Amino acid sequence: ESTLRYRLRQIDHDGTSGYSPVVDVMIGIGPGTVQLHAAYPNPASDLITVRYSLPETMTARIAVYSMLGQEVIAFTGSEFCSRGEHLLSVRTALLPPGAYLIELRGGETRLVRHFVVRR
């Protein structure tokens, strides 16, 4: 786990500028957390692979959404999934080209990644 510090610089139309306060952001994922890794390959044409990890056996649900928030595919429905790393293959051949979101709900955690379907 590490901490990144950042601030924003705003430049006005008259050329003057100013900085926001510094913000600390903790990054890194500990072994006791739900993890959803980026889907690959991205962009996809026929199939993507989704890798996720669960710190313990828990209820988990994975679904694909359009960018309008409509659920287009659901893979699990509040099922108990075992502790450890999992791989899920998603057939994207039936999806229209475009951008999508893949969501993992594990316990009380909700993680989202994006991917693109291209022909």
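What you see is a predicted model; the values in this text were computed from it and never measured. (Residues numbered from 1 in each chain as written. Predicted model: local features only at pLDDT ≥ 70, side-chain atom pairs only at ≥ 80, totals over all residues. Heavy atoms only, no water.)

**Structural notes on the side chain of glutamine 35**
With respect to the secondary-structure elements, glutamine 35 resides in strand β5 (residues 35-36). Here the side chain of glutamine 35 touches histidine 37 through a polar contact of 3.5 Å, side chain to side chain. (Helix = DSSP H or I, 4+ residues; strand = E, 2+ residues; numbered from the N terminus. Polar contact = N/O pair within 3.5 Å; in protein donor to acceptor, adjacent residues only side chain to side chain.)

**A short note on the sheet that holds strand β6 (residues 47-54)**
Sheet strands pair by backbone hydrogen bonding; their relative direction is either parallel or antiparallel. Spatially, β5-β6-β10 is the arrangement adopted by the three strands of the open sheet, whose pairing is antiparallel. For this open sheet the edge positions go to β5 and β10 (84-91), each flanked by a neighbour on one side alone. Inspection of the sheet shows β6 paired to β10 by eight bridges, in the antiparallel sense. When the sheet's bridge partners are listed, valine 50 is paired in β10 with leucine 88. (Pairing = 2+ DSSP bridges.)

**A closer look at the pattern of salt bridges**
Enumeration according to the criterion identifies four salt bridges in this entry. One salt bridge in this structure joins arginine 61 and glutamate 71, with 2.8 Å as the shortest N-O distance. Of this pair, arginine 61 sits in strand β7 (residues 58-66) while glutamate 71 sits in strand β8 (residues 71-74), placing them 10 residues apart in sequence. Among the salt bridges present, the one from glutamate 103 reaches arginine 110, with a minimum N-O distance of 2.5 Å. Residue classification places glutamate 103 among the buried positions, given a relative accessible area of 3%. (Salt bridge = Lys/Arg side-chain N within 4 Å of Asp/Glu carboxyl O. Buried < 20%, exposed > 50% of the residue type's maximum accessible area, 1.4 Å probe, protein only.)

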